[in-house]
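Here is what each chain is made of, one letter per residue.
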Amino acid sequence: MTKNIIKQITWILIILAIIVMSCGGPVDKFEPNNEITEAVEVELGEPFTITIKPMHDRDWFKVPVFGQGYLKIQVNKVPEALELEAAFALYKKLDRSKEQWLTDWKKLPNALYVPKADTYYFVIKDNYDDKSSEEPIFVKMDFIEELDATEPNNNVDEAYEVELGSTVKPAIYPGRDFDWFKVKVLERGYLSVSCKSVPNQIDLEVYFAVYNEWADPKVKKLTDWKKLPSACFVPDSGEYIIVLHDDNDDKFSERSFDMKVEFIEDMDPSEPNDDFRDASSVKLGDTIKLAIFPTGDNDYYKIKLHKGDVIKVEMNGQTGGIVPEARLYTVNDEEPNKLKAFTHWNKLPAEFSIDVGGEVYIHIHDDYDDKSSPEPFEVTVK
């Protein structure tokens, strides 16, 4: 090799080094991959490195999957300046928008449920697109075989049917996982849901609903989100919907847990009376059989009274740890859909002086709405 050739090679190397340094860091071997059409294929279980540079850099990758399960992205050695997030998509060549998004942007690490074999695409970026770094970031994509026998059940159309008294083993995975179930009951009563062996980081919530494809909305909630264990009054036979998730949708686990759905026979003939418009009618001297169940249950009764009356609301029997209290109302003349209280809350037994005449509403509940029992007790109005 002549000296001139050596000198030329030396200058080329120097120029390349200057170009690299002028770019502020090492070259990302996957670039350009800022569009889904430029996605680089990676192997499952094989780590690789990327850099998020310059600002607004987006790195697209693709990976073939051969069955149902989960794609899990993990990152390591992320520069302090960056907060990485990723989104998943499918690529449809005939679709003008190119990306068929499967998720919103999610902080890493995270995962995607994949229902079938396909090539899945994912893109990584800084969360606000306002930071960059020349430091390499280690990325690894793994495939986890299906760990939840009830999946796919991420919406009402996929709701997994459970039998009363049976136990199923769902998992809240990946993040923002909502598990839908359906169950058939043959008579009015209560549906009860309990779970055990739930991973510590997950704080489960549940709501109950009914589904009617001809209605708007199709899914009508019977309850708000409630902590478990929980229950719901069901007024008739039919199919009911149960939905589980993590309370903030930010915790998940690859470990499944036990969920049991049970039916409790009706023990409160006045239900449903959680709203004053559904209040049961009573008369002086009547003995009411009721139960404060499930937790947060509120029972309303209506009675005709005269101004100047004094009534006693007395309790008979054990209440299973509940501390019942009562309050009296009349309908608000200015807002007929609301009640107006004219007494304070009083623990039972309680005595009330009636300073209004006409229809009066008696509201009974647990003092802090944090206790309940399916065992009925009796209340007498004298």
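Residues numbered from 1 in each chain as written. Predicted model: local features only at pLDDT ≥ 70, side-chain atom pairs only at ≥ 80, totals over all residues. Heavy atoms only, no water.

We now examine the overall build of the protein chain. Each helix and strand counted, the protein chain has one helix and 30 strands in total. On C-alpha atoms alone, the protein chain measures out to a radius of gyration of 31 Å, which is more than a quarter above the 21 Å that the 2.2 N^0.38 rule sets for 382 residues. Along the first, second and third principal axes, the C-alpha atoms of the protein chain reach 120 × 40 × 40 Å. Of all 382 residues assigned to the protein chain, the portion counted as buried reaches 42%. (Helix = DSSP H or I, 4+ residues; strand = E, 2+ residues; numbered from the N terminus. Rg over C-alpha atoms; globule rule 2.2 N^0.38 Å. Buried < 20%, exposed > 50% of the residue type's maximum accessible area, 1.4 Å probe, protein only.)

A word on the side chain of His-363. Along the chain, the position of His-363 falls in strand S29 (residues 358-366). Residue His-363 is classed as buried on the basis of its relative accessible area of 5%. Within polar-contact distance, the side chain of His-363 engages the side chain of Tyr-300 at 3.4 Å. If we ignore the near neighbours within four places in the chain, the residues touching His-363 are Asn-298, Asp-299, Tyr-300, Glu-325, Ala-326, Arg-327, Tyr-329 and Trp-345. (Polar contact = N/O pair within 3.5 Å; in protein donor to acceptor, adjacent residues only side chain to side chain. Contact = heavy atoms within 4.5 Å.)

Applying the stated criterion across every chain yields a total of 20 salt bridges. The shortest N-O distance in the salt bridge between Asp-130 and Lys-131 comes to 3.6 Å. Residue classification places Lys-131 among the partly exposed positions, given a relative accessible area of 37%. Two residues, Asp-250 and Lys-251, come together in a salt bridge whose shortest N-O distance is 3.4 Å. Owing to a relative accessible area of 42%, Asp-250 belongs among the partly exposed residues under this scheme. (Salt bridge = Lys/Arg side-chain N within 4 Å of Asp/Glu carboxyl O.)

A few words on the packing of aromatic side chains. Aromatic rings in a pair are described by how distant their centres are and how their planes are angled relative to each other. Under the criterion given, the structure shown has 17 aromatic pairs. On the basis of an interplanar angle of 85 degrees and a centroid distance of 6.3 Å, the ring pair of Trp-180 and Tyr-207 is categorised as edge-to-face. Of the two residues, Trp-180 sits in strand S13 (residues 179-185) while Tyr-207 sits in strand S15 (residues 204-211), which places them 27 residues apart along the sequence. For the pair shown, Trp-180 and Tyr-207 are each scored as buried. Through pairs of rings, three or more aromatic residues link up here, namely Phe-30, Phe-48, Phe-61, Phe-88 and Phe-122. Above the ring of Trp-105, the side-chain terminus of Lys-125 is found at 4.7 Å from the ring centroid. Directly above the aromatic system of Tyr-207 lies the positively charged group of Lys-221, at a separation of 4.4 Å from the ring centroid. (Phe/Tyr/Trp six-rings, centres within 6.5 Å; stacked < 30°, edge-to-face > 60°. Lys NZ or Arg CZ within 6 Å of the ring centre and 35° of its normal.)

Turning next to the pairing of S15. Taking burial as the measure, the eight residues of S15 include six buried ones, the bulk of the element. Pairing of S15 with strand S19 (residues 238-246) involves six bridges; the strand directions are antiparallel. By the bridge assignment, Tyr-207 is partnered in S19 with Val-243. Bridge analysis of S15 against strand S17 (residues 226-227) gives two bridges, and the strand direction is antiparallel. Across the sheet, the residue bridging to Val-206 is Lys-226, located in S17. Pairing of S15 with strand S16 (residues 219-221) involves three bridges; the strand directions are antiparallel. Its bridge partner being in S16, Ala-209 is matched across the sheet by Lys-221. (Pairing = 2+ DSSP bridges.)

A separate point is unusual backbone geometry. That bond from Leu-108 to Pro-109 is cis: its omega, 0 degrees, falls within 30 degrees of zero. Mapped onto the secondary structure, Pro-109 falls in the loop between strand S7 (106-107) and strand S8 (110-114). Following Asp-216, the chain continues into Pro-217 via a peptide bond in cis, with omega recorded as 5 degrees. Counting through the fold element by element, Pro-217 comes out in the loop between S15 and S16. In the Ramachandran plot, Asp-249 falls in the positive-phi region, its phi being about 55 degrees despite a non-glycine side chain. With respect to the secondary-structure elements, Asp-249 resides in the loop between S19 and strand S20 (258-265). For Asp-249, a relative accessible area of 23% translates into the label partly exposed.

Our next topic: the sheet that holds strand S12 (residues 167-168). For sheets, the rule is that strands pair by backbone hydrogen bonds, running either parallel or antiparallel. Here we have four strands laid out as an open sheet, ordered S12-S20-S14-S18, and antiparallel in their pairing. Bordering the open sheet on either side are S12 and strand S18 (230-234), each of which pairs with just one other strand. Strand direction decides the pairing type here: S12 and S20, joined by two bridges, are antiparallel. Bridging from a neighbouring strand, Thr-167 pairs with Lys-260 of S20.

Cysteine pairs can be linked by a disulfide, which is a covalent bond between their two sulfur atoms. Following the criterion strictly, the structure yields zero disulfides and no others. No disulfide involves Cys-195; its nearest neighbouring cysteine sulfur is the one of Cys-232, lying 16 Å away. Assessed through its relative accessible area of 3%, Cys-232 is described here as buried. (Disulfide = S-S within 2.5 Å.)

With that settled, consider the sheet that holds strand S22 (residues 287-290). A sheet is described by the order of its strands in space; here four strands give the open sequence S22-S30-S24-S28, paired in antiparallel fashion. Looking at which strands have only one partner, the edges of the open sheet turn out to be S22 and strand S28 (350-353). Recorded for the sheet is a direction-independent mean angle of 20 degrees between the axes of neighbouring strands. The pairing of strand S24 (residues 310-316) with S28 spans four bridges and is antiparallel. Its bridge partner being in S28, Ile-311 is matched across the sheet by Phe-352. (Axes fitted to C-alpha atoms, helices over the stretch in contact; angles between N-to-C directions.)

Let us look at the confidence of the model for the protein chain. Mean pLDDT over the protein chain stands at 90; residues scoring 70 or higher make up 92%. Segment residues 13-25 is flagged for pLDDT under 50; beyond a separation of four residues in sequence, or across chains, it makes seven contacts in the model. (pLDDT = per-residue confidence, 0-100.)

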